[in-house]
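Residues per chain are reported as follows:
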Amino acid sequence: QDKHFRVLKTQGVRSGPDCQNLLASLHAARGILGAQLRVEGACEIVVGPSADLAGMVAGAFPPGGAWAEDGISEASIEVSGEDYVAGVADDLSWSCWRLN
């Protein structure tokens, strides 16, 4: 059975430090798994299926940007969201961080 997680996209959060700060600001929110940033892209927050997206969006404002209007996408893969975040492959076009 596939496992599900969601990715919440931002607009304008394009640096590693800003993406990490946004992730850190969300540490108390339920279901946050990590963050990812693609070269030439914007920060994305990876959340599990139990995440409170409405509360998260209302409670945190991305530094230097905003939440993307079409910002929630769902992924269905063979591993859990936690394993996805923990098992980052060597891909130089992405930077990824997880909450400990």
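One can find the structure itself at the top, above this paragraph.
Residues numbered from 1 in each chain as written. Predicted model: local features only at pLDDT ≥ 70, side-chain atom pairs only at ≥ 80, totals over all residues. Heavy atoms only, no water.

Draft legend 1. Structural detail: helix H1 (residues 16-25). Those residues of H1 lying buried are Gly-16, Cys-19, Leu-22 and Leu-23. Down the axis of H1, the buried side of the element spans an arc of 130°, and every buried residue falls inside it. One side-chain oxygen of the residue at the start of H1 lies 3.2 Å from the amide nitrogen of Asp-18, identifying that residue as Ser-15. (Buried < 20%, exposed > 50% of the residue type's maximum accessible area, 1.4 Å probe, protein only. Helix = DSSP H or I, 4+ residues; strand = E, 2+ residues; numbered from the N terminus. Arc of directions from axis to C-beta. Polar contact = N/O pair within 3.5 Å; in protein donor to acceptor, adjacent residues only side chain to side chain.)

Draft legend 2. Spatial organisation of the state of the cysteines. Taken as a whole and assessed by the stated rule, the structure comprises one disulfide. With its sulfur 2.1 Å from that of its partner, Cys-19 forms a disulfide with Cys-43. Taking the sign of the torsion about the S-S bond as the criterion, the disulfide between Cys-19 and Cys-43, at about 65°, is right-handed. Residue Cys-19 is found in helix H1, and its partner Cys-43 is found in the loop between strand E2 (32-38) and strand E3 (44-47); the two are separated by 24 residues along the sequence. You can call Cys-19 buried: its relative accessible area is 0%. Of all cysteine sulfurs in the structure, the one in Cys-19 sits closest to Cys-96, which takes part in no disulfide; the separation is 8.9 Å. (Disulfide = S-S within 2.5 Å.)

Draft legend 3. Broad picture of the nonpolar core. Counting residues in hydrophobic clusters, the biggest one holds 17 residues, and the most contacted among them are Leu-26, Cys-43 and Ile-45. Broken down by secondary-structure element, the contributors of at least two residues to this core are H1, E2, E3 and helix H2 (53-59). Setting aside its immediate chain neighbours within four residues, Cys-43 contacts Leu-8, Lys-9, Thr-10, Val-13, Cys-19, Leu-22, Ala-35, Gln-36 and Leu-37. (Core = buried A, V, L, I, M, F, W, Y, C linked by side-chain atoms within 4.5 Å. Contact = heavy atoms within 4.5 Å.)

Draft legend 4. Structural detail: the pairing of E3. Going residue by residue along E3, you find Glu-44 and Val-46 tucked away on one face and Ile-45 and Val-47 tucked away on the opposite face as well. Here E2 pairs with E3 via four bridges, running antiparallel. Of the residues in E3, the one forming a bridge with Gly-34 is Val-46. Taken together, E2 and the strand that follows it, E3, pair antiparallel across an intervening segment of five residues, in which Glu-40 is found at a positive phi of about 65°. (Pairing = 2+ DSSP bridges.)

Draft legend 5. Main features of the side chain of Arg-6. With respect to the element layout, Arg-6 can be found in strand E1 (residues 3-11). There is a polar contact of 3.1 Å between the side chain of Arg-6 and the backbone oxygen of Pro-49. Among the polar contacts made by the side chain of Arg-6, one reaches the main-chain carbonyl oxygen of Ala-51 at a distance of 3.5 Å.

Draft legend 6. Region of the structure containing the side chain of Glu-44. Within the secondary structure, Glu-44 is located in strand E3. Buried charge without a salt bridge: Glu-44, with Lys-9 as the nearest opposite-charge side chain at an N-O distance of 4.8 Å. (Lys, Arg positive; Asp, Glu negative; His and termini not counted. Salt bridge = Lys/Arg side-chain N within 4 Å of Asp/Glu carboxyl O.)

Draft legend 7. Spotlight on the environment of Ser-50. Residue placement: Ser-50 occurs in the loop between E3 and H2. Among the residues examined, Ser-50 registers a relative accessible area of 42% and is labelled partly exposed. For the pair Ser-50 and Phe-5, spaced 45 residues apart in sequence, the C-alpha to C-alpha distance is 8.9 Å. Aside from chain neighbours lying at most four places away, what touches Ser-50 is Arg-6, Arg-30 and Gly-31.

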